[in-house]
Amino acid sequence: MLLNNNGISMLVGNPSFIEIDDNALSHEECDILISQFEKSEQGRGAVWKNGQMGIDLSVKDSIELPNLRFSKGDLISNLIRTQLQSSINKYIKKYSHVSHLNTWKVEDGYTFKKFERGGGYKSWHHEHGPKNQSERILAWMFYLNNASGTDFMYYSTVSAKRGRCIIWPAGLTHMHKSQTNKGLKYVISGWIGYEE
């Protein structure tokens, strides 16, 4: 066993199932996406707490674009859709057993967040939860700039690198949170879940 950046034992020799796809987005695409974020209506990011959605800056301190959906066919969705599918295909090629699960799909809704200095998703969490979150299998995230990364409780920290896409299991084995944020950080993230 080895210790990760958080001083927690990690299994050695077992895969983490956290896949990193560098240059999934070009620098130009990242710049376009950040520009779209800054030109769009924004709001504080909410979080599930005590069975309801609400704002709690001690848990998640973010500025987000509301109600993003691939089905809207907007510029942001169209720009990331193909690149996301390419990263998912690489994941499935490496972990072929995923393709044997029941029918699944990329969830329509996703998030686009900006974390300012000191912000981030500060609490350990995973991507399963009540209501519509129980069907999630995998989570995905694009980093749009070089910034503070993502800490995984039982695995190594993933650095935020411009254009990088990461995909990881959504369950409690992959508890994670933002590294302490030292500057601006832009991420787009979402989920892959079972078909209903």
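Bear in mind that the values here come from a model prediction, so they are computed numbers and not experimental data. (Residues numbered from 1 in each chain as written. Predicted model: local features only at pLDDT ≥ 70, side-chain atom pairs only at ≥ 80, totals over all residues. Heavy atoms only, no water.)

A.B. asks: Quick rundown of the packing of aromatic side chains? Include the residues and the values.
C.D. replies: With the rule as written, the count across this model stands at 9 aromatic pairs. Ring geometry for Phe152 versus Trp168: centroids 5.6 Å apart, planes at 80°, classification edge-to-face. Here Trp168 lies in strand E16 (residues 165-169) and Phe152 lies in strand E14 (residues 147-152), a separation of 16 residues in the sequence. No difference in accessibility class separates Phe152 from Trp168, as the two residues are buried. (Phe/Tyr/Trp six-rings, centres within 6.5 Å; stacked < 30°, edge-to-face > 60°. Helix = DSSP H or I, 4+ residues; strand = E, 2+ residues; numbered from the N terminus. Buried < 20%, exposed > 50% of the residue type's maximum accessible area, 1.4 Å probe, protein only.)

A.B. asks: Explain the pattern of salt bridges residue by residue, including any values.
C.D. replies: For the structure on display, the rule yields 11 salt bridges. Here Lys161 makes a salt bridge to Asp22, at a shortest N to O gap of 3.7 Å. Taken as a pair, Lys161 in the loop between strand E15 (158-160) and E16 and Asp22 in the loop between strand E3 (19-21) and helix H1 (27-39) lie far apart in primary sequence, 139 residues in all. Among the residues examined, Lys161 registers a relative accessible area of 35% and is labelled partly exposed. (Salt bridge = Lys/Arg side-chain N within 4 Å of Asp/Glu carboxyl O.)

A.B. asks: Before we move on, can you summarise the pairing of strand E13 (residues 136-143) with the specific residues and values?
C.D. replies: Burial of E13 is extensive: 8 of the 8 residues sit out of reach of the surface. As paired elements, E13 and strand E18 (residues 185-194) share 7 bridges and run antiparallel to each other. In the sheet register, Arg136 faces E18, and the bridge partner there is Gly193. (Pairing = 2+ DSSP bridges.)

A.B. asks: How would you explain the pairing of E14 if you had to name every residue and give the values?
C.D. replies: Within E14, 5 of the 6 residues are buried, which leaves it mostly tucked inside the rest of the structure. Where E14 and strand E17 (residues 176-178) come together, 3 bridges link them in antiparallel fashion. Across the sheet, the residue bridging to Thr150 is Ser178, located in E17.

Honestly, it's all geometry; don't read function into it.
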